[in-house]
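# Geometric and topological summary
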Amino acid sequence: MDELDILTLLENCKAIRRGHFELSSGRHSDTYVQCAAVLQYPPHAESLGRDLAAKFPGLGIGCVISPALGGVIIGQEVGRALGTRAIFVERDASGRLALRRNFRVEQGERILVIEDVWTTGGSTRETISVIESEGGLVVAAGAIIDRSGGDLNLPVRTEALLHMDVRSYDPSDCPLCRTGDAAVRPGSHFRS
Ligand SMILES: [Zn+2]
């Protein structure tokens, strides 16, 4: 699928919605992104995983690692397409991402980090740091959507299926509010 096909699929599944939204950060935006809305359909998850995996040929990946919870399903599908393990990091009691459940990486194992959406790429950056402290070698990172607008600055090669520049506004200076429409809260968690 090309970027337009991906955009159409995500819009059809309401993983990308247009309107006037209040983010969990309190800021307003005309776009709402929730990848779970498309990943709830296993055939779509599998096909997105196959397309994302195809962006990383010949890297000798030994394991796909995702930050929980958002990255787990797409990480599983990328691992399926690459024929590798797929594991995840999750928050420990101190709030830091960690490998738990007896998950391990081999010393020097070549790792691909996969997430659903990059806004700032913070979870992927933290995952890379955790994996490298465990002895893994992170060779690349991928996401379904890169909505950073080009401001990622991750320390490895990055690939995404869809690139978006999603703006957000302070409510006191929101052009959507000025049209008179009230902002809506689209879900329990908005990846702001
Ligand atoms: Zn507004």
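The structure we're discussing is the one just above.
Attention in this report is confined to the structure presented alongside it. (Residues numbered from 1 in each chain as written. Predicted model: local features only at pLDDT ≥ 70, side-chain atom pairs only at ≥ 80, totals over all residues.)

### Things to note about the pairing of strand β4 (residues 85-91)
In terms of strand pairing, strand β3 (residues 63-67) meets β4 through 5 bridges, oriented parallel. The partner of serine 66 across the bridge, within β4, is phenylalanine 88. As for the winding sense of the linkage, the β-α-β connection from β3 through helix α4 (residues 72-82) to β4 is right-handed. Looking at chain direction, β4 and strand β5 (residues 97-99) are connected through 3 bridges and run antiparallel. Residue pairing for β5: arginine 91 is matched across the bridge by leucine 97. Two successive antiparallel strands, β4 and β5, enclose a turn made up of 5 residues, where glycine 95 displays a positive phi of approximately 90 degrees. (Pairing = 2+ DSSP bridges. Helix = DSSP H or I, 4+ residues; strand = E, 2+ residues; numbered from the N terminus. Right-handed = clockwise from strand over helix to strand, strands pointing away.)

### Some points on the sheet that holds strand β2 (residues 28-33)
Strand order across the open sheet formed by 3 strands is β1-β2-β9, with antiparallel pairing between neighbours. Sheet topology places β1 (16-22) and β9 (168-169) at the edges, where each strand pairs with a single neighbour. In terms of strand pairing, β2 meets β9 through 2 bridges, oriented antiparallel. Note on β9: the bridge partner recorded for serine 29 is serine 168.

### Points about the nonpolar core
In terms of nonpolar packing, the biggest core is built from 45 residues, with Val64, Ile65, Val78 and Ile144 touching the most fellow members. Examining the composition of this core, we find that 6 residues originate from one element, strand β6 (residues 110-118), more than from any other. Those residues in contact with isoleucine 65 that sit more than four places away from it in its chain are Gly75, Ile87, Phe88, Val89, Ile111, Val113, Thr127 and Ile131. (Core = buried A, V, L, I, M, F, W, Y, C linked by C-beta atoms within 7 Å. Buried ≥ 20, exposed ≤ 12 C-beta atoms within 10 Å, placed from the backbone. Contact = placed C-beta atoms within 7 Å.)

### Quick look at the pairing of β1
Relative to β2, β1 runs antiparallel, the two sharing 5 bridges. By the bridge assignment, arginine 18 is partnered in β2 with threonine 31. Adjacent in sequence and paired antiparallel, β1 and β2 are bridged by 5 residues, among which glycine 26 carries a positive phi angle near 95 degrees.

### Considerations on the sheet that holds β3
Within a sheet, adjacent strands bond to each other through the backbone by hydrogen bonds, running parallel or antiparallel. A sheet is described by the order of its strands in space; here 6 strands give the open sequence β5-β4-β3-β6-β7-β8, paired in mixed fashion. Each of the sheet's edge strands pairs with one partner strand only, and the pair in question is β5 and β8 (157-163). This sheet shows a mean twist of 25 degrees between the axes of neighbouring strands, independent of strand direction. (Axes fitted to C-alpha atoms, helices over the stretch in contact; angles between N-to-C directions.)

### Points about the packing of helix α3 (residues 42-53) against α4
In contact at an axis separation of 8 Å, α3 and α4 are set at 60 degrees when each is read in the N-to-C sense. Here α4 runs oblique to α3, going by the angle between their axes. For the pair α3 and α4, the crossing hand works out as right-handed. Of the residues in α4, those in contact with Ala45, Glu46, Leu48, Gly49, Arg50, Leu52 and Ala53 of α3 are Ile73, Ile74, Glu77, Val78, Arg80, Ala81 and Leu82. For the contact of α3 with α4, a count of residues per class yields 9 nonpolar, 1 polar and 4 charged. (Parallel < 35°, antiparallel > 145°, perpendicular 65-115°, else oblique. Left-handed = near helix turned anticlockwise from the far one by under 90°. Nonpolar A, V, L, I, M, F, W, Y, C, P; charged D, E, K, R; others polar.)

### Things to note about unusual backbone geometry
Here the bond from alanine 68 into leucine 69 is cis, since omega is 0 degrees, no more than 30 degrees from zero. Here leucine 69 lies in the loop between β3 and α4. Backbone geometry at asparagine 102 places phi at a positive 65 degrees, although glycine is not the residue there. Even without glycine at this site, asparagine 153 takes up a positive phi of about 55 degrees. Relative to the helices and strands, asparagine 153 resides in the loop between β7 (137-146) and β8.

### Observations concerning α4
In terms of burial, α4 is largely enclosed, as 9 of its 11 residues are buried. Along α4, the residues classified as buried are Ile73, Ile74, Gly75, Gln76, Glu77, Val78, Gly79, Ala81 and Leu82. Buried-residue contacts for α4 involve α2 (36-39), α3, β3, β4, β6 and β7. Where α4 terminates, the next one or two residues include glycine 83, which has phi positive at roughly 70 degrees.

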